[in-house]
Structures are given as C-alpha cells and as structure tokens.
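# An overview of the molecular structure
Okay, here's what each chain looks like letter by letter:
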Amino acid sequence: MIHPEGNSPMARAPEADPPTPPSHRPAAVPAFPWPAGLAPRSSGAAAVAAACAVLLAACSPQGPAAGGDATPAVQQAHAAVAKAADLSDPATFADARRGFIAAPTGQVKDAGNQVIWDFDAFAFVQGAAPPTVNPSLWRQALLNNQVGLFKVADRIWQLRGFDLANLTLIEGKTGWIVVDTLTARETSAAAMAFARQHLGHKPVSGVIFTHSHVDHFGGALGVIPAEEARARQVPVVAPAGFLDEATSENVMMGVAMGRRAMFMYGSRLPRDAKGTVDTGLGKAVAFGQVGLLAPTQVIDQPRQELVIDGLRFVFHNVPGSEAPSEFVFEIPELKAFCGAEMMSHTLHNLYTLRGAKVRDALKWAGYLDDSLQYTAQAEVIFNQHHWPVWGAERIRGFITRQRDTYKYIHDQTVRLMNAGLTSSEIAETLQLPASLHNHLNVRGYYGTVRHNARAVYQHYLGWFDAHPANLDALPPVEAGRRYVELAGGADALVAAARKAYDAGDFRWAAELLKHAVHADGKNTAARELMARSFEQMGYLAESAPWRNFYLTGALELRQGPPEKGIPRDILVDMLQHTPIERFLEAMAASLNGPKAADVTLAINLVFSDLNQSFVLRVENGVMHFRRQAPAADANATLTLTKAFFLKMMTGQAGAQALLTSSETRIGGSTIDLARFFALLDKPTGTFPIVTR
Ligand SMILES: [Zn+2]
C-alpha cells in the first residue's frame with residue numbers, strides 16, 4: 001500500500017482532467033500459443049482472482065478520483081447521525097484498547113521490496129469525522145485503527161491491524177497455538193516477529209484455522225514453514241470441509257468476484273477522507289504471498305474436544321453461517337471462547353456485495369443462540385476480527401444482540417415477503433427495532449440491513465419479484481436508449497438529474513443518469529454528474545463496502561476500468577492444494593459455447609507426477625471431463641506435471657515453456673490441441689461495471 005497523501009506516485013489527479021472515454025471490453029487474447037492466453041481465462045486465473053477477492057487492498061494502480069466536497073444535504077444527514085447516537089462510545093473504545101502492549105509502525109515489504117502493508121496508511125483517521133465520511137463509519141474506522149499487540153486474558157494475546165483479520169496467540173505447554181494466520185505470508189511473519197519481540201521467543205506448537213476464508217489462512221507459511229510443521233508434527237486443526245472450501249470455493253467465479261471486489265474493498269481508491277477509510281471489518285487486506293497448511297486434524301463432529309499442546313479445546317462446527325466451513329471453540333481452562341467470524345462488532349453479510357451465494361440467516365442466528373450456552377462460563381470472548389468482549393453479562397448481551405439482529409432481519413423479511421412486498425420494498429421498509437439499532441456493534445458497517453433483507457428474499461424466492469414486466473425486461477443499454485428518448489434527449493435527462501442532485505436526491509439522480517450513460521457512454525456530462533452523485537452517496541454511507549462501491553463507481557466514471565486484472569502468481573502455494581478437478585470444472589465454464597457449438601474434440605491430460613489422467617471431451621458446445629486412462633481416440637495428449645499446470649494457470653508459463661519444458665510432452669495433433677485451447681475464453685478481469 002502506498003499512502004495516498006504526500007508525494008506518492010498516486011498523486012491526486014488534477015480536478016480539471018477530462019473524464020476518460022468509455023472503455024471497451026478487453027480485446028481477445030491471441031488464440032494460440034495457448035498458455036499465455038490460457039492463464040487469464042483459466043480456472044487457475046479464476047482461482048487466483050477468487051482468493052484475491054479479498055486481497056485487493058494494495059495500492060491503487062491509477063490516481064484517485066476527483067473527490068468533490070460533501071453537499072449541505074450530506075452534512076445535515078451526518079449531523080442527524082451524530083445526534084442520534086453517542087458515537088464517542090467510551091466503553092467500546094476502552095475494549096478496543098484494553099490490554100494494549102505495543103503498536104508497530106512503518107511498512108511490511110515482500111521479497112521484491114514491494115510494500116505489502118503500511119501501518120501508517122490510515123494515520124489520517126483521527127479526531128472528529130470529516131464532512132465526507134459518515135460519522136458512524138468514522139467511529140468504526142477509529143476503532144479499527146487500534147492496532148498492535150494486545151493481551152486478551154491470561155495466556156491469550158491478539159495481533160490486530162496487521163492485516164484484515166486478527167492473529168490470536170494462545171500459550172500452550174510448550175509454545176504458541178496460533179489461531180488464524182492472516183492473508184499473506186509477509187504480514188503473518190511480521191505479526192509473529194512483533195509478538196516475539198515483546199513476548200519472547202516461543203515455537204509454534206499448534207495452528208488453528210477457524211474457517212475457510214483466505215484472510216484467515218493465507219499467511220500460514222509465514223507463521224511456520226510447511227517443512228517445520230511436518231518435521232515437528234505440529235497439529236493443524238480445521239473445521240470439516242476446510243481444505244475443499246479454502247482451495248476451491250471461488251475457483252469457478254473468481255474473475256467476476258475479483259473484479260467486483262475491487263469495488264467492495266475500494267482497492268483503486270486513495271486512502272483519505274474522500275477515499276477509503278476502512279473496510280468495516282478491519283483496515284484493509286494485505287496483498288502478498290498466499291499459502292496454506294493442510295490440516296492434520298479435522299473437526300468433523302458437531303461438538304468435539306481436542307487437547308492441543310496440553311490445553312483442552314471444545315470445538316463446535318458452525319458450517320453455513322459466515323463461511324461454508326467454520327467452527328467456534330471454548331477453552332474451558334482459560335474461561336475463554338473464540339467466536340471466529342460468526343460474531344463481530346458489525347452486522348455481517350448475508351450477501352457479500354462482491355458476489356457470492358447468499359448465507360442462511362436462520363442458521364446463523366441458530367448457531368449464535370447455541371453459543372449462549374457455550375459461553376455460559378466464559379469471562380472473555382475473542383473473535384477473529386475486531387476486539388474482544390469481557391464479562392459474563394456483556395458477553396451475553398453482545399451475542400444476544402448479534403443473534404436477534406440476524407433473526408429479526410430474517411423473520412421480518414419473510415413476513416413482508418408473505419405480505420407481497422418485493423425485495424426493494426422490503427429493503428426500503430425494514431428497520432431494526434431501537435433495542436437493536438441503538439447498539440452500535442450490530443450496525444451495518446460491513447453488511448447492511450438493506451442488502452441483507454434482499455439476501456433473505458433471494459435465499460427463498462430468487463431474483464424474480466413476480467411482476468410480469470420484470471420477467472423479460474429490457475437490458476441496460478436498450479432500456480437506457482428508450483428512457484433518453486422519452487425524456488426528450490440526453491440533455492433533458494441530465495438536466496432533470498441535476499435538479500435531483502441539487503435537491504439532495506442522489507438516488508434518483510443516479511437512476512436517471514444510469515440510463516443516460518448506458519445509452520451513450522461518451523456523454524461526459526452525464527458521467528461526471530453520476531460520479532458526483534455516487535460521491536455523495538458514498539459520503540452518506542455507514543457501510544464501508546457501500547462507500548467503497550460508490551466511490552469506486554465515481555472513479556471509474558472518470559477514469560474507466562483498470563488496465564490490469566489481478567496478479568495471479570501470488571497464489572501458487574495455495575493452489576497446490578486445489579484438486580485438478582476444480583480447475584477443469586472452471587475450464588469447462590470458460591468454453592465459448594457458440595464457438596464450440598460444432599466442434600467435437602477429445603484431449604488427454606496426463607499428469608506425470610500425480611499418476612492421474614483426465615479425458616476432456618468437447619461436444620454440443622460443452623466440455624466434459626472424466627478421470628480415466630487416456631482415450632485411444634483422443635485428438636491429442638498433453639503430458640505435464642502439476643507444478644507446470646499451476647504455472648500455466650497463474651500465467652507464469654507461456655507457449656514457449658510448454659513446447660520446450662522438460663515437464664511437458666505433446667502427443668497427437670498439436671493443431672487440435674491449439675484448437676481446443678482457442679475455444680476457451682480469456683477474461684482479463686477488467687470488465688466495465690458503471691458503463692457498458
Ligand atoms: Zn475474515
């Protein structure tokens with residue numbers, strides 16, 4: 001990360017810069033030689049982008065947006081927010097600082113001297129909220145700025161603010177049991193070094209992964225090298241399904257998710273009062289080397305006890321709550337409980353705006369209800385984001401409110417669905433009761449009531465609101481052209497939007513301008529006014545992802561989509577654990593159906609080091625694969641190692657390498673092999689979102 005203030009290469013663009021012309025969809029990558037082209041289109045690329053979905057908070061590759069000032073309407077709204085709640089919230093700030101030992105400064109760099117993490121990047125977040133940030137979000141940003149090493153309880157410490165999530169250390173009989181290992185090897189190594197500097201040297205005697213999201217395991221190899229973990233037989237404990245979910249969860253949709261994540265995490269935004277100030281969960285995500293330790297002990301029972309380095313743990317699986325594979329655990333001897341990410345000091349996501357399958361609110365609330373029993377004896381609960389909660393009564397209150405917030409959103413959305421309201425009407429209507437809303441730890445800093453209500457609707461009823469006009473509505477450009485015509489031309493539409501903007505009706509301004517920009521992406525007046533509307537909506541937002549979405553939308557209206565997608569080579573250590581089948585599934589989903597409609601091909605894929613071979617068949621515009629011996633009727637046979645396959649998947653090996661490497665061999669028709677790979681699409685992960 002580079003601090004957006006000061007003399008960074010990302011110095012602010014002059015405000016008078018004309019907006020860039022609308023970008024076009026990326027040009028096709030040459031069809032062959034394929035590996036160079038394969039990489040971006042492949043499942044490897046998808047997997048990389050997927051795991052990168054939360055890895056994007058590195059420096060912005062282009063300059064910041066032209067950041068306007070907050071309008072009076074926004075400032076009035078902020079004043080109302082500040083008046084309605086005590087945002088100074090001394091008890092919570094005391095919790096966030098409790099047990100503080102020391103704070104790091106400076107930067108964490110990778111082997112190539114690239115800055116992976118900057119402890120000073122958010123130093124501007126201090127004092128009163130600026131007019132361009134919702135004061136409630138500012139409070140969360142201030143709380144997440146409480147960075148450093150903290151003593152949680154006897155034998156428990158946390159490192160916060162070294163990455164998006166927390167790294168927790170629990171003192172075992174012989175060393176440290178590490179709970180979650182951050183996103184990147186670089187940041188986790190920095191966290192461990194910082195802990196040792198202040199707590200003395202102890203070996204790692206256990207690793208616990210609470211769930212399958214990359215911000216909780218990606219830095220595993222910075223905590224302990226895989227060889228050492230193996231040699232010393234260090235237990236690596238994870239919930240049921242962890243390895244599958246961690247390595248494969250987003251392989252299929254990675255490109256789209258990665259692109260949308262740029263919006264959600266504001267990775268292209270400056271870090272300042274007109275840019276990104278927080279993610280709601282933590283400051284940002286580190287963008288370094290991602291790896292994984294395969295679990296040696298999987299918790300596969302709903303409740304399971306395990307002694308790790310002399311300390312008794314009681315695990316409870318909570319699959320399908322915040323992650324498909326997740327557990328929480330008690331440490332009875334220490335009267336402590338870890339709520340993983342099922343609990344946090346925010347309303348979490350039932351639907352993640354970067355795009356994901358929706359989560360089950362009812363299950364989530366149910367697990368939280370169960371947790372009231374697990375924590376009956378606890379004196380502290382610590383979670384893998386944010387700060388702990390101490391004291392039986394406060395723990396009970398905290399969990400109860402988390403539970404009831406999800407339950408309320410679920411039950412009331414269902415009630416309103418059954419009363420005939422659509423998802424947008426429910427989002428507009430639903431509000432938490434004061435007994436929940438007044439507690440800031442369930443506010444929508446990450447998820448929001450509005451988009452979570454839509455998630456519940458989607459979970460049960462899907463995308464269709466049952467209105468026939470919406471069954472086959474015109475797509476954006478077609479609709480936009482007609483609305484512009486109806487309005488009496490683009491200028492008239494923009495004039496109406498300007499009126500709405502001046503009245504503080506930014507949502508309506510954006511709705512109108514959306515049609516103008518869809519109808520004509522070169523309409524710079526419409527683009528600029530929509531950018532300004534998005535800015536004001538971003539400034540209004542209490543949710544960090546909402547803010548980041550709006551502000552990134554504004555940036556892209558002015559500058560266009562990014563030139564590059566996400567780098568892919570950082571994930572090789574993790575992808576080694578991904579089964580070949582996941583890559584092939586994603587490869588099948590990159591087959592260009594119309595192009596392949598009349599093609600019949602069979603390709604043998606032989607992994608010389610895995611003792612595995614697959615037959616890939618293309619017919620009827622689809623690709624099937626089967627793990628089996630090479631087929632005699634195949635057009636071509638490609639023999640390679642998994643290591644080489646991964647290099648291709650992550651763009652490190654090109655055509656030259658394929659043809660000359662000692663790790664590959666091509667049999668049969670090279671031309672047919674080329675034809676096959678030419679059928680696979682090559683998304684670059686830079687597609688436009690606010691324009692078409
Ligand atoms: Zn997390």
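Relevant structure appears above.
Below, the structure is looked at part by part. It should be emphasised that the depicted structure is a prediction, and the values quoted were computed from it without experimental measurement. (Residues numbered from 1 in each chain as written. Predicted model: local features only at pLDDT ≥ 70, side-chain atom pairs only at ≥ 80, totals over all residues. Heavy atoms only, no water.)

### Thoughts on the sheet that holds strand S21 (residues 665-668)
Note the following rule: Here the rule is simple: two strands pair whenever DSSP picks up at least two bridges between them. Per the convention used, a helix needs a DSSP run of H or I reaching at least four residues, while a strand needs a run of E reaching at least two, with both numbered from the N terminus. Axis lines are fitted to C-alpha atoms, over the contacting stretch for helices. Their N-to-C directions set the angle, which ranges from 0 to 180 degrees. The contact criterion used throughout is that any non-hydrogen atoms of two residues lie within 4.5 Å.
Read from one edge to the other, the open sheet built from five strands follows the order S19-S18-S17-S20-S21, with strand pairing classed as mixed. The outermost strands of the open sheet, each flanked by one partner alone, are strand S19 (622-627) and S21. On average, adjacent strands in this sheet sit at an angle of 20° to one another, irrespective of strand direction. Relative to strand S18 (residues 612-619), strand S17 (residues 601-607) is paired through seven bridges, and the arrangement is antiparallel. Paired with Ile 603 across the strands is Leu 616, a residue of S18. Contacts from helix H22 (residues 580-588) reach S17, S18 and S19 within the one sheet, and its direction differs from that of S19 by about 165°.

### A closer look at the pattern of salt bridges
The criterion, for reference: Here a salt bridge means any side-chain nitrogen of Lys or Arg lying within 4 Å of a carboxyl oxygen belonging to Asp or Glu.
For the coordinates displayed, the defined rule picks out 28 salt bridges. The salt bridge partner of Lys 283 is Asp 278, with a shortest N-O separation of 2.7 Å. One continuous salt-bridge network, built from bridges that share partners, spans Glu 528, Arg 532, Glu 535 and Arg 558.

### Let's talk about the coordination of the zinc ion
Test applied: Excluding water, the donors of a metal are its N, O and S neighbours within 2.8 Å, or within 3.2 Å for Na, K and Ca, and that exclusion means sites may look incomplete. Under the classification used here, a metal with four donors is tetrahedral if each angle lies between 85 and 135 degrees, square planar if opposite donors are over 155 degrees apart and the others between 65 and 115, a six-donor metal meeting that same test is octahedral, and anything else is irregular. To sort residues, take the accessible area from a 1.4 Å probe on protein chains only and compare it with the maximum for the residue type: under 20% means buried, over 50% means exposed, and anything in between is partly exposed.
Of the protein atoms, only Asp 215 (OD), His 216 (NE2), Glu 341 (OE) and His 385 (NE2) coordinate the zinc ion, at distances of 2.0 to 2.1 Å. Bound by four donor atoms, the zinc ion shows angles of 82 to 175° at the metal and therefore irregular coordination geometry. Site description for the zinc ion: donor spacing in sequence, D-H-x124-E-x43-H. Residue His 216 is located in the loop between strand S8 (204-208) and helix H7 (220-223), and its partner Glu 341 is located in the loop between strand S14 (336-338) and helix H11 (361-374); the two are separated by 125 residues in the primary sequence. The burial state of His 216 is the same as that of Glu 341; both residues are buried.

### Things to note about the side chain of Ser 321
To keep things clear, this is the line we draw: As used in this structure description, the phrase polar contact means that two N or O atoms lie within 3.5 Å; if the pair is within protein, one of them must be able to donate a hydrogen and the other to accept it, and residues adjacent in sequence are counted only when both atoms belong to side chains.
Summarising the element assignment, Ser 321 is placed in the loop between strand S12 (311-317) and strand S13 (327-331). Taking relative accessible area as the criterion, Ser 321 reaches 1% and is therefore assigned buried. Engagement of the side chain of Ser 321 in a polar contact is seen with the backbone oxygen of Val 318, the distance being 2.8 Å. Filtering out sequence-adjacent residues up to four positions away, Ser 321 remains in contact with Glu 326, Met 342, Arg 359, Trp 364 and Tyr 367.

### A short note on unusual backbone geometry
At Leu 182, a position not held by glycine, the phi torsion is positive, near 65°. Within the element layout of this structure, Leu 182 appears in the loop between strand S7 (176-179) and helix H6 (185-199). Judged by its relative accessible area of 0%, Leu 182 is buried. One non-glycine residue, Lys 335, lies in the positive phi region at around 50°. Examined against the element boundaries, Lys 335 turns out to sit in the loop between S13 and S14. By relative accessible area, which is 36% here, Lys 335 ends up partly exposed.

### Things to note about the packing of helix H17 (residues 490-502) against helix H19 (residues 524-540)
Which entries qualify depends on this criterion: Throughout this description, any angle smaller than 35 degrees is read as roughly parallel, any larger than 145 degrees as roughly antiparallel, any in the 65 to 115 degree range as roughly perpendicular, and the remainder as oblique. Crossing handedness is defined as follows: a turn of the near helix away from the far one that is anticlockwise and smaller than a right angle gives a left-handed crossing, while the clockwise case is right-handed. When residue character is reported, Ala, Val, Leu, Ile, Met, Phe, Trp, Tyr, Cys and Pro are called nonpolar, Asp, Glu, Lys and Arg charged, and the others, Gly included, polar.
The N-to-C vectors of H17 and H19 enclose an angle of 20°; their axes lie 10 Å apart at closest approach. Taken together, the axes of H17 and H19 are roughly parallel relative to one another. By crossing handedness, the relation of H17 to H19 is classed as left-handed. Along the contact surface, H17 presents Val 494, Ala 497, Arg 498 and Tyr 501, while H19 presents Ala 526, Leu 529, Arg 532, Ser 533 and Gln 536. Residues of the contact of H17 with H19, tallied by class, amount to five nonpolar, two polar and two charged.

### Comments concerning the packing of aromatic side chains
The condition is simple: Two rings belonging to Phe, Tyr or Trp (six-membered ring only in the last case) form a pair when the distance between their centres is within 6.5 Å. Interplanar angles under 30 degrees mark stacking, angles over 60 mark edge-to-face geometry, and anything in between is tilted. Only lysine NZ and arginine CZ atoms are considered, and such an atom sits over a ring when it is within 6 Å of the ring centre and within 35 degrees of the ring normal.
One pass over the structure, following the stated rule, counts 26 aromatic pairs. Aromatic side chains Phe 122 and Phe 124 sit 6.1 Å apart centroid to centroid with 35° between the ring planes, which places their arrangement in the tilted category. Of the two residues, Phe 122 and Phe 124, neither departs from the other in class, the shared state being buried. The interplanar angle of 90° and the centroid separation of 6.1 Å between the aromatic rings of Phe 607 and Phe 614 together place this pair among those described as edge-to-face. Taken as a pair, Phe 607 and Phe 614 share a single burial class, namely buried. An aromatic cluster of three or more residues is present, and its members are Phe 313, Phe 315, Phe 327, Phe 329 and Phe 382. Above the face of the Trp 390 ring, Arg 98 is positioned so that its terminal group lies 4.1 Å from the ring centre. Here Arg 160 stacks its cationic end above the ring of Phe 150, 4.2 Å away from the centre of that ring.

### Concerning the nonpolar core
Quick reminder of the rule: Nonpolar cores are built from buried Ala, Val, Leu, Ile, Met, Phe, Trp, Tyr and Cys residues. Side-chain atoms within 4.5 Å join them into one set.
One finds Phe 209 and Phe 676 to be the most contacted residues of the largest nonpolar core, which totals 93 residues. When neighbours within four sequence positions are excluded, Phe 676 is seen to be in contact with Met 587, Leu 601, Ile 603, Leu 616, Val 618 and Met 623. Core analysis: the next-biggest nonpolar cluster, separate from the first, contains 44 residues, Val 285, Leu 368, Val 389 and Val 442 among them.

### Description of the sheet that holds strand S1 (residues 100-102)
Spatial ordering of the open sheet is given by S1-S4-S5-S6-S7-S8-S9-S10, a layout of eight strands whose pairing is mixed. The open sheet has two edge strands with one neighbour each: S1 and strand S10 (297-299). Put simply, the sheet's adjacent strands are angled 25° from each other on average, direction ignored. Two strands pair when backbone bridges link them, and strand S5 (residues 156-160) and strand S6 (residues 167-171) are joined in this way by four bridges, in the antiparallel orientation. The residue of S6 that forms the bridge with Gln 158 is Thr 168. Contacts from H6 reach S1, strand S4 (148-153), S5, S6, S7 and S8 within the one sheet, and its direction differs from that of S6 by about 40°.

Remember that the coordinates give geometry; whether it matters functionally is a separate question.
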